[in-house]
Amino acid sequence: MNARTRRAAWVAMVAAPALALTACGGGGEAEGDGGGGGDVELTFATSYNEDQPQHTCGATVIKEQIESADVGISVEIYPSSQLGGDAERIAAVASGDIDMDIQGASALGSVYEPVSVLDAAYAFDDADHLAAFAASDAGQQLFTDFADETGVNTLGVWSAGARHFTANKPILAPADLEGQRIRFPGSPQFLLNAQALGASATEVAYEELYLALQQGTVDGQENPITNIASQNLQEVQSDISLTEHQLNTNLVLIGEIWNEFDADQQQVVTDAVAMAVDEVTACVDEEDAATIEEWESGDEWNVHSDVDVDAFREQAVSWFEENLDDEALSVFESIRAAAS
């Protein structure tokens, strides 16, 4: 079974709890005008810009696939946080004011803390490991518990790329972080990641990152390749170390409108998300590889691929196993158990 087939299989399994809940609730095929099956426009809101893979290869693909199926559903995408920040949007999905959303796991920890563990440092080895966990009993249970807590269903999960460190020196092992003020996002899971990796975290808004590096407020930062490139950080940093210390994990979410769809409409939406999972994964892999190759052949970055990833992973995994509690620890252990 190739990677594309595996991902298609686990997307179907991720959506299975939502399908089962609908079946138990009597939300099968609609009759007359009182149920699903009629014309409806989905409000699809995200925080991602129109040039990011979550939009170009994710939300846009979902829209195109749903509308081309001609099952009475159209999709209007609102990118770039037009309908609010992460906290506002997940509340609006839960209330039914927004129909669909794409959110990072760490942001969703504000409404159901265990799901943020999907963004833990070195929780996943790669995108296939994420796929294996999502298809596992533990993964499906996590998404079911999230739905029970929030009223929001998870239709799919993808990796939007790995995060790496930049600084004005190589960061090849945990000891290289000593004495370095590293910018991390302010969410609880990211700050836990800093502790697990041995970094001294400084919170700086993403919009202020370039200036903070330029002025020396922080010594380094960590982000996916696409963000590092879009922020032109090579102008204020000299070294990028390919630590791959965290996958950016995104969940594709849908609110109560799901229960108004008939079986055909639900299948179309599920299939559209499955295709988007494949497309985002491929887009990110291709774009990251092309960007790194360009950097390696140029003189803007000192690119370091000789990172002691095993040392970083061993330290982070050990820290989480000692410091996470209850449900969060159970999720983390289940993720690591799913590694091939």
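Residues numbered from 1 in each chain as written. Predicted model: local features only at pLDDT ≥ 70, side-chain atom pairs only at ≥ 80, totals over all residues. Heavy atoms only, no water.

Undergrad: Explanation requested: the state of the cysteines in the structure shown.
TA: By definition, a disulfide links the sulfur atoms of two cysteines through a covalent bond. With the rule as written, the count across this model stands at one disulfide. Shown here is the disulfide that connects cysteine 57 with cysteine 283, its sulfur atoms set 1.9 Å apart. Between cysteine 57 and cysteine 283, the disulfide has an S-S torsion of -85 degrees and is therefore left-handed. In this pair, cysteine 57 is assigned in helix H2 (residues 53-68) and cysteine 283 in helix H10 (residues 263-297), connecting sequence segments 226 residues apart. With respect to burial, cysteine 57 and cysteine 283 carry one shared label: buried. (Disulfide = S-S within 2.5 Å. Helix = DSSP H or I, 4+ residues; strand = E, 2+ residues; numbered from the N terminus. Buried < 20%, exposed > 50% of the residue type's maximum accessible area, 1.4 Å probe, protein only.)

Undergrad: I keep staring at the nonpolar core and nothing clicks. Help me out?
TA: Buried together is how nonpolar side chains tend to be arranged in soluble globular proteins. Ranked by size, the top nonpolar core spans 51 residues in total, and within it Leu118, Leu197 and Leu251 carry the most contacts. Excluding residues within four positions of it along the chain, leucine 197 makes contact with Ala121, Tyr122, Phe165, Pro174, Leu177, Phe184, His245, Phe312, Gln315 and Ala316. (Core = buried A, V, L, I, M, F, W, Y, C linked by side-chain atoms within 4.5 Å. Contact = heavy atoms within 4.5 Å.)

Undergrad: I tried to follow the environment of aspartate 325 on my own but got confused; where do I start?
TA: The residue aspartate 325 is located in the loop between helix H11 (309-323) and helix H12 (326-337) in this model. Sequence separation between aspartate 325 and proline 114 is 211 residues, and the spatial gap between their C-alpha atoms is 9.8 Å.

Undergrad: Would you take a moment to explain the pairing of strand E2 (residues 73-78) for this structure?
TA: Across a regular strand the side chains alternate sides, sitting on one face of the sheet and then on the other. Of the two faces of E2, the one holding Ile73, Val75 and Ile77 is buried and the one holding Ser74, Glu76 and Tyr78 is not buried anywhere. Here strand E1 (residues 40-46) pairs with E2 via six bridges, running parallel. Following the sheet pairing, alanine 45 is matched in E2 by tyrosine 78. In this fold, E1 hands off to H2, which returns the chain to E2; that crossover is right-handed. (Pairing = 2+ DSSP bridges. Right-handed = clockwise from strand over helix to strand, strands pointing away.)

Undergrad: Looking at this model, I keep getting lost on the pairing of strand E5 (residues 181-184). Mind explaining?
TA: As judged from the four bridges shared by E5 and strand E6 (residues 200-203), these two strands associate in the parallel manner. Bridge assignment links arginine 183 to a residue of E6, and that residue is threonine 202. For the handedness criterion, the β-α-β arrangement of E5, helix H7 (residues 188-197) and E6 is classed as right-handed. Two strands pair when backbone bridges link them, and E5 and strand E7 (residues 220-224) are joined in this way by two bridges, in the parallel orientation. Counterpart to arginine 183 in the pairing with E7 is glutamine 221.

Undergrad: Quick question: what am I supposed to make of the side chain of glutamine 237 here?
TA: Looking at the secondary structure, you find glutamine 237 in the loop between helix H9 (225-230) and strand E8 (239-254). Here the side chain of glutamine 237 touches alanine 167 through a polar contact of 3.1 Å, landing on its backbone nitrogen. Of the polar contacts made by the side chain of glutamine 237, one reaches the backbone oxygen of aspartate 219; its length is 3.3 Å. Discounting chain neighbours no more than four positions away, the residues touching glutamine 237 are Thr166, Ala167, Asn168, Leu213, Asp219, Gly220, Gln221, Glu300 and Trp301. (Polar contact = N/O pair within 3.5 Å; in protein donor to acceptor, adjacent residues only side chain to side chain.)

Undergrad: Looking at this structure, how should I read the side chain of glutamate 222?
TA: With respect to the secondary-structure elements, glutamate 222 resides in strand E7. Side chain to side chain, glutamate 222 and arginine 163 meet in a polar contact 2.7 Å long. Among the polar contacts listed, one links the side chain of glutamate 222 to the side chain of histidine 245, at a separation of 2.9 Å.

Undergrad: What's the story with the packing of H11 against H12 in this structure? I'm lost.
TA: For any two helices packed against each other, the geometry is given by the interaxial angle and the distance between the axes. H12 packs onto H11 with a crossing angle of 145 degrees between their chain directions and a minimal axis gap of 10 Å. In contact with Arg313, Val317, Phe320 and Glu321 of H11, H12 contributes Leu329, Phe332 and Arg336. (Axes fitted to C-alpha atoms, helices over the stretch in contact; angles between N-to-C directions.)

Undergrad: Just checking my understanding: could you explain the pattern of salt bridges for this structure?
TA: Pairing is possible between side chains of opposite charge, provided their charged atoms come close. Applying the stated criterion to the full structure yields eight salt bridges. Among the ionic pairs, arginine 89 bridges to aspartate 101, the shortest N-O distance being 3.0 Å. With a gap of 12 residues between them, arginine 89 in helix H3 (residues 86-95) and aspartate 101 in strand E3 (residues 100-104) connect regions that are remote in the sequence. We note that arginine 89, like aspartate 101, is buried. (Salt bridge = Lys/Arg side-chain N within 4 Å of Asp/Glu carboxyl O.)

Undergrad: In this structure, what is going on with the confidence of the model for the protein? I would like to understand it.
TA: Reading predicted coordinates in detail is not appropriate for stretches of low pLDDT. Model confidence for the protein is summarised by a mean pLDDT of 91, while 89% of its residues fall at 70 or above. Taken as a whole, residues 1-12 scores under 50 in pLDDT and shows 21 contacts with residues more than four places along the chain or in a different chain. Of the regions scoring below 50 in pLDDT, residues 21-37 engages in 27 contacts with residues more than four places distant in sequence or in other chains. (pLDDT = per-residue confidence, 0-100.)

Undergrad: Please explain the packing of aromatic side chains as it appears in this structure.
TA: Note on aromatic pairs: each is described by the distance of the centres and the angle between the planes. Inspection of the entire model under this criterion finds seven aromatic pairs. Where tryptophan 258 meets phenylalanine 261, the ring centres are 6.3 Å apart and the plane angle is 70 degrees; that geometry is what we call edge-to-face. Each of the two residues, tryptophan 258 as well as phenylalanine 261, counts as buried. Put simply, the rings of Trp319, Phe320 and Phe332 touch in pairs and so form one group of aromatic residues. (Phe/Tyr/Trp six-rings, centres within 6.5 Å; stacked < 30°, edge-to-face > 60°.)

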